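Observations on the model geometry
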2 protein chains.
Amino acid sequence: MADTARRPEPRYGTRPTMKDVAARAGVGLKTVSRVVNGEQGVTPDTERRVQEAIDALGFRRNDSARVLRKGRTASIGLVLEDLADPFYGPLNRAVEEVARAHGALLINGSSAEDPDREQELALALCARRVDGLIVIPAGCDHRYLEPEIKAGVATVFVDRPAGRIDADAVLSDSFGGARSGTAHLIAHGHRRIGFVGDLPRIHTASERLRGYRTAMAEADLAIDDAWVSLGTTAPDRVREAVTAMLAAPEPVTAIFAGNNRVTVTAVRVLAAHHRPVALVGFDDIELADLLDPGVTVIAQDAAALGRTAAERLFHRLDGAADAPSRVVLPTRLIARGSGEIPPPADG
Amino acid sequence: MADTARRPEPRYGTRPTMKDVAARAGVGLKTVSRVVNGEQGVTPDTERRVQEAIDALGFRRNDSARVLRKGRTASIGLVLEDLADPFYGPLNRAVEEVARAHGALLINGSSAEDPDREQELALALCARRVDGLIVIPAGCDHRYLEPEIKAGVATVFVDRPAGRIDADAVLSDSFGGARSGTAHLIAHGHRRIGFVGDLPRIHTASERLRGYRTAMAEADLAIDDAWVSLGTTAPDRVREAVTAMLAAPEPVTAIFAGNNRVTVTAVRVLAAHHRPVALVGFDDIELADLLDPGVTVIAQDAAALGRTAAERLFHRLDGAADAPSRVVLPTRLIARGSGEIPPPADG
DNA sequence: GTGAAAGCGCTAACAG
DNA sequence: CTGTTAGCGCTTTCAC
């Protein structure tokens with residue numbers, strides 16, 4: 001107590017350096033460095049003295065300085081769409097686990113589906129000299145990353161491919177998934193099937209639409225323009241779109257929902273609707289099995305997406321210099337009831 | 001093409017520096033620094049020349065070096081339990097938004113509810129010299145952070161308080177929420193109420209248990225040991241606990257679930273049970289309103305938790321040196337049906 | 001086994 | 001308006 005009163009607290013933000021530790025232990029700077037990094041060639045006695053000084057001073061190595069000298073930061077960046085979206089949680093976590101296994105930290109941020117923000121964030125990460133970058137693209141033009149990639153920032157795109165540059169990508173089979181989901185509805189007797197998707201500039205959204213169109217064409221079914229609605233996944237927008245499809249003179253008897261956000265809103269609208277309408281959603285959602293009817297979905301493995309992308313990234317960091325690759329992971333149809341509802345007898 | 005063949009590609013990982021830019025533009029180093037940082041006092045003509053050199057060389061400022069010189073990294077660390085847990089998504093995102101508004105990046109990682117991993121992660125972030133740290137504690141002893149805090153790392157704990165040190169904390173009212181949720185079940189006629197919670201060493205878990213006990217005591221209801229189960233939130237463990245409570249000779253007629261993970265599993269078990277059992281869960285869960293019955297919950301505002309903690313952090317970084325504070329955010333009971341199921345007439 | 005000196009790329013402080 | 005010098009805290013190199 002008296003001690004505290006007499007001697008001023010160490011200035012905030014001032015931390016002991018290796019030099020301070022060296023002075024206190026009565027050794028050279030390099031010896032401290034050796035001890036801190038567990039290098040060979042230090043007498044047990046010297047080591048003990050250094051360690052005491054470290055503890056007494058509360059020293060912790062400044063990795064910023066270390067990075068500057070060594071050139072690698074042992075950190076990777078992840079740009080995703082929204083940290084709060086449950087779909088990206090497992091992906092994020094999977095990337096983290098791989099990074100951790102390689103001794104790297106993860107810096108991440110949300111683009112909020114805004115291309116400018118994506119670029120701002122990705123370039124900020126490059127300025128921090130992350131060793132590698134994993135990007136879930138919001139934009140369609142990634143030429144802004146070319147100098148960075150050339151300079152050695154390993155870059156892998158996940159969930160959606162890069163635009164206008166050639167780069168590694170790890171994707172889910174959006175086309176195939178949407179095609180099989182739509183075919184599933186057709187197999188259950190539906191002819192008028194609606195498609196509610198995300199913004200058309202988003203690669204996954206357009207691929208899923210293409211899958212839907214393909215399945216319809218394969219069954220020789222024409223598509224009425226009124227059955228297709230693309231736009232943001234804001235609940236109001238989706239609610240309106242679904243409601244309109246159901247209120248038409250010849251209403252759709254089934255709906256294919258383009259992603260998890262859309263599915264959730266579609267479930268809400270259909271629950272309040274006066275007659276059963278079939279539904280298949282892209283992406284699995286929690287508790288989907290407990291709803292009545294259970295929600296039939298095209299599930300993708302978000303964790304596998306993240307893990308595969310991160311592994312590819314570290315493979316590159318380990319020196320792999322092969323041509324950019326594109327990995328496509330399969331999706332899986334999980335039938336739970338909503339996708340097996342038949343069309344009305346009079347439909 | 002011929003050009004590529006003749007001149008070797010720039011070595012991977014070698015990037016131009018301000019010195020290179022200066023040489024190319026024929027100006028001094030400091031002038032480049034001025035242009036890069038948008039400082040005053042550069043002739044438009046000089047600026048243009050520098051900018052041309054920057055573009056030609058693909059220069060990007062190395063923030064690692066900048067950090068070393070300036071002392072602040074403009075980044076904060078967030079240690080949470082699991083990036084994949086939907087409860088932490090909105091919290092994470094809220095922290096990110098505040099950080100972004102202050103020009104800071106977010107480095108985050110999962111402790112996986114392991115105190116050692118929490119410590120390892122937090123100290124790694126300190127070594128990176130994050131300006132501040134937001135921690136959702138897994139452990140109960142945070143004295144390991146004392147030297148860091150003394151050295152100027154602003155630290156705020158969120159969701160759970162720090163152990164054995166005095167530090168800022170932002171919490172939800174776990175005690176009050178659990179108490180009112182239990183009281184809600186009592187008000188609907190229940191006398192034998194089960195409590196299924198998380199590991200007792202977790203502060204929120206013990207507080208919620210205390211709330212449950214208090215509500216029971218206030219209604220003069222004794223608690224049978226068999227009605228209380230604490231442990232991990234692993235589905236198997238929870239399933240077993242709930243099943244046991246329902247299979248007892250005098251089974252519980254209602255269950256209070258201690259968090260979102262527990263609630264989800266409890267809903268599954270109850271859905272398969274032969275008679276209706278009331279349920280109130282802590283934390284809201286998606287689609288809870290669409291289940292039959294809807295799940296009555298004690299909702300907490302995860303985004304507000306994150307936002308408040310981050311604001312507190314930046315307040316400290318702006319120099320606030322007042323005593324550590326504890327903020328407790330209210331919870332809200334949302335009645336949806338499951339919590340209003342009466343006990344069986346013969347019960 | 002140990003330490004002194006140089007330098008990573010940048011910014012702060014001061015000259016010109 | 002522009003440039004030079006020093007140094008942030010560490011690792012690398014090389015000498016002792």
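Residues numbered from 1 in each chain as written. Chains lettered and ligands numbered in written order. Predicted model: local features only at pLDDT ≥ 70, side-chain atom pairs only at ≥ 80, totals over all residues. Heavy atoms only, no water.

Attention now moves to the state of the cysteines. Residue and element names in this part refer to chain A. Counted under the stated rule, the structure contains 0 disulfides over all chains. With no disulfide of its own, Cys 140 lies closest to Cys 126 among cysteine sulfurs, the gap being 19 Å. By relative accessible area, which is 44% here, Cys 140 ends up partly exposed. (Disulfide = S-S within 2.5 Å. Buried < 20%, exposed > 50% of the residue type's maximum accessible area, 1.4 Å probe, protein only.)

Sequence positions flagged by UniProt for "domain: HTH lacI-type" (unreviewed entry) are, in local numbering, residues 16-70 of chain A. Spanning residues 16-70 of chain A, this segment combines 69% helix with 0% strand, and its end C-alpha atoms are found 21 Å apart. (UniProt positions renumbered as here; feature names shortened; annotations may be inferred. Helix = DSSP H or I, 4+ residues; strand = E, 2+ residues; numbered from the N terminus.)

Under the definition given, this model contains 52 salt bridges over all chains. Its salt-bridge partner being Asp 63 of chain A, residue Arg 128 of chain B comes within 3.7 Å of it at the nearest N-O pair. In this pair, Arg 128 of chain B is assigned in the loop between α7 (115-127) and β3 (132-135) and Asp 63 of chain A in helix α5 (residues 63-70), connecting two distinct chains. The burial state of Arg 128 of chain B is the same as that of Asp 63 of chain A; both residues are buried. What emerges from the salt-bridge pattern is a single network uniting Asp 82 and Arg 117 of chain A together with Arg 93, Glu 96 and Glu 97 of chain B. (Salt bridge = Lys/Arg side-chain N within 4 Å of Asp/Glu carboxyl O.)

With that settled, consider the packing of helix α2 (residues 18-25) of chain A against helix α3 (residues 29-36) of chain A. Residues and elements named next belong to chain A. It is the contact of α2 with α3, at a shortest axis distance of 8 Å, that shows an interaxial angle of 105 degrees. Classified by the angle their axes make, α2 and α3 are roughly perpendicular. Contacts between α2 and α3 involve Met 18, Lys 19, Val 21 and Ala 22 from the first element and Leu 29, Val 32, Ser 33 and Val 36 from the second. The class makeup of the residues in the contact of α2 with α3 is 6 nonpolar, 1 polar and 1 charged. (Axes fitted to C-alpha atoms, helices over the stretch in contact; angles between N-to-C directions. Parallel < 35°, antiparallel > 145°, perpendicular 65-115°, else oblique. Contact = heavy atoms within 4.5 Å. Nonpolar A, V, L, I, M, F, W, Y, C, P; charged D, E, K, R; others polar.)

Now for unusual backbone geometry. In the segment running from Asp 292 of chain A into Pro 293 of chain A, the intervening peptide bond is cis, with an omega of 0 degrees. Of note, Pro 293 of chain A is situated in the loop between β9 (278-282) and β10 (296-299). Here Asp 159 of chain A, not a glycine, exhibits a phi torsion of approximately 80 degrees, which is positive. Taking relative accessible area as the criterion, Asp 159 of chain A reaches 4% and is therefore assigned buried. Of note, Arg 129 of chain B is a non-glycine position whose phi angle comes to about 60 degrees, a positive value. Relative to the helices and strands, Arg 129 of chain B resides in the loop between α7 and β3.

Right, let's get into the protein's contact with DNA strand C. In the vicinity of DNA strand C lie 24 residues, with Gly 28, Thr 31, Thr 46 and Arg 69 of chain A together with Met 18 of chain B positioned nearest. Within the side chain of Arg 34 of chain A, a nitrogen or oxygen atom sits 2.9 Å from a base oxygen of DNA strand C. Looking at the surface near DNA strand C, the elements with two or more residues in it are α3 and α5 of chain A together with α3 (29-36) and α5 (63-70) of chain B. For the surface near DNA strand C, the element with the highest residue contribution is α5 of chain B, accounting for 4 residues. (Near = heavy atom within 4 Å. Polar contact = N/O pair within 3.5 Å; in protein donor to acceptor, adjacent residues only side chain to side chain.)

What describes two packed helices is the angle between their axes and the distance between those same axes. All names here are of chain B. Between helix α9 (residues 174-187) and helix α10 (residues 203-218), the shortest axis-to-axis distance is 7 Å and the interhelical angle comes to 40 degrees. By the angle class used here, α9 and α10 are oblique. Considering the relative orientation of α9 and α10, their crossing is right-handed. In this structure, α9 contributes Ser 174, Phe 175, Ala 178, Arg 179, Thr 182, Ala 183 and Ile 186 to the contact, and α10 contributes Thr 204, Glu 207, Arg 208, Arg 210, Gly 211, Tyr 212, Thr 214, Ala 215, Met 216 and Glu 218. Across the contact of α9 with α10, the residue classes break down as 7 nonpolar, 5 polar and 5 charged. (Left-handed = near helix turned anticlockwise from the far one by under 90°.)

Among the 24 residues in the neighbourhood of DNA strand D, the closest are listed as Met 18 and Lys 30 of chain A together with Gly 28, Thr 31 and Thr 46 of chain B. Counting only the atoms of DNA strand D within 4 Å of the protein, the fraction contributed by sugar and phosphate is 64%. One of the backbone N or O atoms of Ala 65 of chain A is found 3.5 Å from a base nitrogen in DNA strand D. In the model, a base oxygen of DNA strand D is placed 3.0 Å from a nitrogen or oxygen of the Arg 69 of chain A side chain. Among the elements of the structure, α3 and α5 of chain A together with α3 and α5 of chain B are those that each provide at least two residues to the surface near DNA strand D. If one sorts the elements of the surface near DNA strand D by residue count, α5 of chain A sits on top with 4 residues. Within the surface near DNA strand D, the residues separate by chemical class into 7 nonpolar, 9 polar and 8 charged.

Mapping chain B onto chain A calls for a rotation angle of 180 degrees and an axial translation of 0.0 Å; the resulting RMSD is 0.1 Å. In symmetry terms, the pair is related by a two-fold rotation axis. Minimal C-alpha distance to the rotation axis in chain B is attained by Ile 107 of chain B, lying at 2.1 Å. Mapped onto chain A, 98% of the interface residues of chain B are again interface residues, and the two copies thus contact each other with one and the same surface. (Least-squares fit on C-alpha atoms with pLDDT ≥ 70 in both.)

What follows is about the sheet that holds β10 of chain A. Across a sheet, paired strands are connected by hydrogen bonds in the backbone, their directions being either parallel or antiparallel. All names here are of chain A. If you walk across this open sheet you meet the 6 strands as β7-β6-β8-β9-β10-β12, and the pairing is mixed. Two strands lie at the open edges of the sheet, namely β7 (228-230) and β12 (332-334), each paired on one side alone. The average undirected angle you get between the axes of adjacent strands in this sheet is 15 degrees. Where β9 meets β10, 3 bridges bridge the pair, whose relative direction is parallel. Looking at the pairing, Gly 281 lines up with Val 297 of β10. This element, helix α10 (residues 203-218), spans β6 (193-197), β7 and β9 of the sheet and lies at about 170 degrees to β6. Packing of helix α11 (residues 235-247) onto the sheet brings it into contact with β6, β7 and β8 (254-257), and relative to β6 it is tilted by some 170 degrees. (Pairing = 2+ DSSP bridges.)

It is worth spelling out empty space enclosed by the protein at this point. The tally for this structure, following the rule as stated, stands at 1 cavity of 30 Å³ or more. Its volume calculated, the largest cavity comes out at about 220 Å³. Forming the boundary of the largest cavity are 14 residues, of which Ser 64, Ile 107 and Arg 128 of chain A together with Ser 64 and Arg 128 of chain B lie nearest the centre. Mapped onto the lining of the largest cavity, the elements with two or more residues apiece are α5 of chain A together with α5 of chain B. Here the lining of the largest cavity is composed, by residue class, of 4 nonpolar, 6 polar and 4 charged. (1 Å grid on protein atoms, 1.4 Å probe; cavity = no way out; pocket = protein on both sides within 12 Å on 5 of 7 lines; lining within 4 Å. Points joined across faces, edges and corners; volume = space filled by probe spheres on them.)

Further remarks concern the nonpolar core. Counting 86 residues, the largest nonpolar core has Val 242 of chain A together with Val 242 of chain B as its most contacted members. For Val 242 of chain B, the residues in contact, after removing those within four places along its chain, are Val 196, Ile 255, Ala 266, Val 269 and Leu 270 of chain B. (Core = buried A, V, L, I, M, F, W, Y, C linked by side-chain atoms within 4.5 Å.)

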